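Residues per chain are reported as follows:
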Amino acid sequence: MHSIEEAKILLSKNKNYVFKGYIDATEFTVDVFINKKGAVISIVPRERIEVRCGEINKGRTKKDSLIISEVKRLCNKLNEAYGVLTIQLFTKDNKISFIEINPRFGGGYPLSWQAR
């Protein structure tokens with residue numbers, strides 16, 4: 001999808017398409033580990049520099065205190081969640097927009113492992 005006009009054409013052919021708003025911001029995937037008692041043990045933000053077919057192709061870890069504190073706050077509200085979570089978000093001007101929480105390792109997890 002490259003334009004609003006293209007979206008309108010698609011919708012005119014099929015009303016079942018779902019679109020999400022474009023967010024002009026830096027995208028991050030955050031790898032999180034929560035123990036069985038609900039304590040957040042590890043948070044590693046990864047900036048998604050280049051993405052191919054939805055998977056990170058190029059990235060870098062970034063120890064961003066705002067992202068870390070907001071992800072921890074979010075995880076503390078997830079009752080009974082434990083294990084590995086992959087959280088995706090956008091950040092711009094000290095504001096965070098969470099877009100996904102997945103209960104699994106993300107494709108870029110090896111970068112987080114190397115950064116530990």
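The residue numbers shown here count from 1 along each chain, following its written sequence. Per-residue local features are limited, in this predicted model, to residues with pLDDT of at least 70; the limit for side-chain atom pairs, both in listing and counting, is 80 or more; totals at the level of whole chains, interfaces and linings are taken over all residues. The side-chain figures draw on all heavy atoms in the structure; neither hydrogens nor water molecules are used.

Caption draft 1: Local environment of the overall build of the chain. Each helix is a run of H or I in the DSSP string that is no shorter than four residues. Each strand is a run of E no shorter than two, and both are numbered from the N terminus. Each helix and strand counted, the chain has three helices and five strands in total. Along the chain, from the amino end to the carboxyl end, the secondary structure elements read α-β-β-β-α-β-β-α. Principal axes of the C-alpha set define a box for the chain whose edges measure 50 × 30 × 25 Å. Burial classes follow relative accessibility: with a 1.4 Å probe on protein chains only, a residue under 20% of its type's maximum area counts as buried, one over 50% as exposed, and anything between as partly exposed. Out of the 116 residues belonging to the chain, those deemed buried represent 28%.

Caption draft 2: Highlighting helix H2 (residues 65-76). A helix's residues, less one, multiplied by 1.5 Å, set its expected span. Relative to the 16 Å expected for 12 residues at 1.5 Å per residue, H2 spans 16 Å between its end C-alpha atoms, a close match to the ideal helical length. Listed in full, the buried residues belonging to H2 are Ile67, Val71, Leu74 and Cys75. Angularly, the buried residues of H2 cover 95° about the axis, an arc narrow enough to put them on a single face. Whenever two N or O atoms come within 3.5 Å, that pair is a polar contact, provided that in protein one can donate a hydrogen and the other can accept it, and provided that, for residues adjacent in sequence, both atoms are side-chain atoms. One side-chain oxygen at the N-terminal end of H2 lies 3.0 Å from the backbone nitrogen of Leu66; it belongs to Asp64. The arc in question is the one traced by the directions running from the helix axis out to the C-beta atoms.

Caption draft 3: Structural detail: the side chain of Asp64. Examined against the element boundaries, Asp64 turns out to sit in the loop between strand E3 (55-61) and H2. Positive charges are assigned to Lys and Arg, negative charges to Asp and Glu, while His and the chain termini are left out of the count. The salt bridge criterion pairs a side-chain nitrogen of Lys or Arg with a carboxyl oxygen of Asp or Glu, the two atoms within 4 Å. For the buried Asp64, no salt bridge is present, and the opposite-charge side chain at shortest range is Lys62, 4.5 Å distant. From its side chain, Asp64 meets the backbone nitrogen of Leu66 in a polar contact 3.0 Å long.

Caption draft 4: Quick peek at the sheet that holds E3. A pair of strands is treated as paired once DSSP finds two or more bridges between them. Strand order in the open sheet formed by five strands is E3-E2-E1-E4-E5, with antiparallel pairing between adjacent strands. Of all the strands in the sheet, just E3 and strand E5 (95-102) have a single pairing partner and so form its edges. Sheet twist, expressed as the average angle between the axes of neighbouring strands with direction ignored, equals 35°. The sheet contact formed by strand E2 (residues 40-52) and E3 spans six bridges and is antiparallel. When the bridges of E3 are listed, Glu47 appears paired with Arg60. The convention used is that axes are lines fitted to C-alpha atoms, helices contributing only their stretch in contact, and that angles between N-to-C directions extend from 0 to 180 degrees.

Caption draft 5: Main features of the environment of Glu55. When you line up the elements, Glu55 lands in strand E3. By relative accessible area, Glu55 is classed as partly exposed at 41%. Here the alpha-carbon distance between Glu55 and Gly106, two residues 51 residues apart in the chain, equals 8.4 Å.

Caption draft 6: Layout of the confidence of the model for the chain. The pLDDT averaged across the chain works out to 90; a share of 99% of its residues lies at or above 70. By mean pLDDT, helix H3 (residues 109-115) is the weakest element of the chain at 79, and H2 is the strongest at 97. Per-residue confidence from the predictor is given as pLDDT, running between 0 and 100.

Caption draft 7: Just the nonpolar core, in detail. Counting residues in hydrophobic clusters, the biggest one holds 13 residues, and the most contacted among them are Val30, Val32, Val71, Cys75 and Ile87. Among the secondary structure elements, those contributing two or more residues to this core are strand E1 (26-34), E2, H2 and strand E4 (83-92). Pairs of residues are marked as contacts when any of their non-hydrogen atoms sit within 4.5 Å. When neighbours within four sequence positions are excluded, Val30 is seen to be in contact with Ile43, Val44, Pro45, Ile67, Val71, Leu85, Thr86, Ile87 and Leu89. Grouping buried Ala, Val, Leu, Ile, Met, Phe, Trp, Tyr and Cys residues that are joined through side-chain atoms within 4.5 Å yields what is termed a nonpolar core.

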